[in-house]
Amino acid sequence: MNKPIIKISNLDFGYTKDKPILSDLNLEIQKGSYNVILGKNGSGKSTLAKLLLGLIEKDKGDIIVDGLELNEKNVYEIRNKIGIVFQNPDNQFIGATVADDIAFGLENHLVESEKMQAIIDDFSKKVNMYKYLDHEPSHLSGGQKQRVAIAGVLAMNPKIIIFDEATSMLDPRGKKEINELILETRKLVKDITILSITHDVEEAMNADNIIIINDGKVVDIDSPINIFKDSKRMQELDLDVPFEFKLINGLKDAGLKIKSNNLEQLGDELCR
């Protein structure tokens with residue numbers, strides 16, 4: 001089995017000593033996988049993202065990213081391997097135009113100016129924002145702003161992308177577009193590893209793995225089907241389940257014998 005691209009061992013962190021946020025957290029993320037982190041508010045999801053980027057310092061434990069231990073010596077090299085898309089797209093914009101904003105990260109990575117325009121053109125096309133390169137970011141919709149943010153991250157060629165509640169401020173249409181783009185990202189960049197912190201259970205259905213954090217610990221890692229079919233446990237954790245699983249579990253509770261765990265198979269069973 002390949003070495004995980006992220007390995008966290010016995011991680012402790014608290015903003016104050018008497019109130020730990022993460023406690024003895026252990027987690028492995030495989031290269032090229034799409035992982036969704038679920039947990040109720042205050043469970044430590046976004047804190048974990050900050051720790052991975054070295055924005056805050058752990059109290060105890062080890063964090064290994066792409067073979068490098070996260071410490072003072074390696075923190076900047078590790079940050080070059082990780083891109084992050086935040087909750088509020090307005091807080092991410094630096095440039096006066098879309099092109100300027102994508103260029104900002106490239107300039108920080110000392111990309112030669114004669115190569116920069118081709119990279120900007122390439123990644124703006126991949127996220128369907130090429131025709132907006134001369135537009136001011138403030139004139140874009142929320143979904144378009146997040147597309148630009150994703151283009152800027154992809155242009156820096158990271159090995160890992162963290163989406164930190166990236167769709168939570170979008171309307172349903174924008175949310176759907178960004179969820180589709182997250183899936184498309186896996187095709188655009190070979191072996192990209194995705195870590196998405198979200199409350200959107202519909203997005204979670206697309207992941208390879210769902211990681212549930214509760215009371216500062218990883219309490220489960222499994223496929224979406226295996227996680228969501230146990231609706232009672234999800235309720236105990238104050239987490240929602242997708243509509244199709246609510247329907248399946250409701251029919252089971254009503255006495256129908258349902259064998260399937262996805263909506264397509266469920267339709268076939270109901271017809272029979």
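Residues numbered from 1 in each chain as written. Predicted model: local features only at pLDDT ≥ 70, side-chain atom pairs only at ≥ 80, totals over all residues. Heavy atoms only, no water.

### Remarks on the overall build of the chain
Of regular secondary structure, the chain possesses 11 helices and 10 strands. Taken over C-alpha atoms, the radius of gyration comes to 20 Å for the chain, in line with the 19 Å a tight globule of 272 residues would show. Principal-axis analysis of the C-alpha atoms gives the chain an extent of 65 × 45 × 35 Å. Residues classed as buried in the chain amount to 49% of the 272 residues present. Restricting to contacts in the chain with at least 6 residues of sequence separation, those with at least 24 account for 61%. With the model as given, the accessible surface of the chain reaches about 14,500 Å², and the carbon-plus-sulfur share is 48%. Of note, the chain has its 35 positive side-chain charges centred 4 Å away from the centre of its 44 negative side-chain charges. (Helix = DSSP H or I, 4+ residues; strand = E, 2+ residues; numbered from the N terminus. Rg over C-alpha atoms; globule rule 2.2 N^0.38 Å. Buried < 20%, exposed > 50% of the residue type's maximum accessible area, 1.4 Å probe, protein only. Contact = heavy atoms within 4.5 Å. Areas by Shrake-Rupley, 256 points an atom, 1.4 Å probe, with all protein chains shown as cover. Lys, Arg positive; Asp, Glu negative; His and termini not counted. Charge placed at Lys NZ, Arg CZ, Asp CG, Glu CD.)

### Concerning the nonpolar core
L38, I102, I120, I150, F163, F228 and M234 are the most contacted members of the largest nonpolar core, which totals 47 residues. Considering every element that reaches this core, the biggest residue donor is helix α5 (residues 142-155), with seven residues. When residues no more than four places from it in sequence are discounted, the contact partners of I120 are A99, I102, A103, L106 and L133. Judged by nonpolar contacts, the second largest core, of 29 residues, contains L48, I63, L70 and I82. (Core = buried A, V, L, I, M, F, W, Y, C linked by side-chain atoms within 4.5 Å.)

### Quick notes on the packing of helix α3 (residues 98-108) against α5
For the pair α3 and α5, the least separation of the axes is 8 Å and the interaxial angle reads 30 degrees. In terms of axis orientation, α3 runs roughly parallel to α5. The element α3 and its partner α5 pack so that their crossing is right-handed. Of the residues in α5, those touching α3 at V98, D101, I102 and L106 are V148, A151, G152 and A155. Grouping the constituent residues of the contact of α3 with α5 by class yields six nonpolar, one polar and one charged. (Axes fitted to C-alpha atoms, helices over the stretch in contact; angles between N-to-C directions. Parallel < 35°, antiparallel > 145°, perpendicular 65-115°, else oblique. Left-handed = near helix turned anticlockwise from the far one by under 90°. Nonpolar A, V, L, I, M, F, W, Y, C, P; charged D, E, K, R; others polar.)

### What about the pairing of strand β7 (residues 160-164)?
Burial of β7 is extensive: five of the five residues sit out of reach of the surface. Alternating residues of β7 divide into I160, I162 and D164 and I161 and F163, and every residue in both groups is buried. Pairing of β7 with strand β8 (residues 193-197), which is carried by five bridges, proceeds in the parallel orientation. Bridge assignment links I161 to a residue of β8, and that residue is I194. Taken together, β7, helix α6 (residues 172-188) and β8 form a β-α-β motif whose crossover is right-handed. (Pairing = 2+ DSSP bridges. Right-handed = clockwise from strand over helix to strand, strands pointing away.)

### With respect to the sheet that holds β8
One open sheet holds the six strands; their spatial order is β6-β7-β8-β3-β9-β10, and the pairing between them is mixed. On the outer flanks of this sheet lie β6 (82-85) and β10 (217-222), each paired with one strand and no other. Sheet twist, expressed as the mean angle between neighbouring strand axes with direction ignored, is 20 degrees. With respect to the sheet, α5 is in contact with β6 and β7, its orientation differing from that of β6 by roughly 175 degrees. Across the sheet, α6 is in contact with β3 (34-38), β7 and β8; its angle to β3 comes to roughly 145 degrees.

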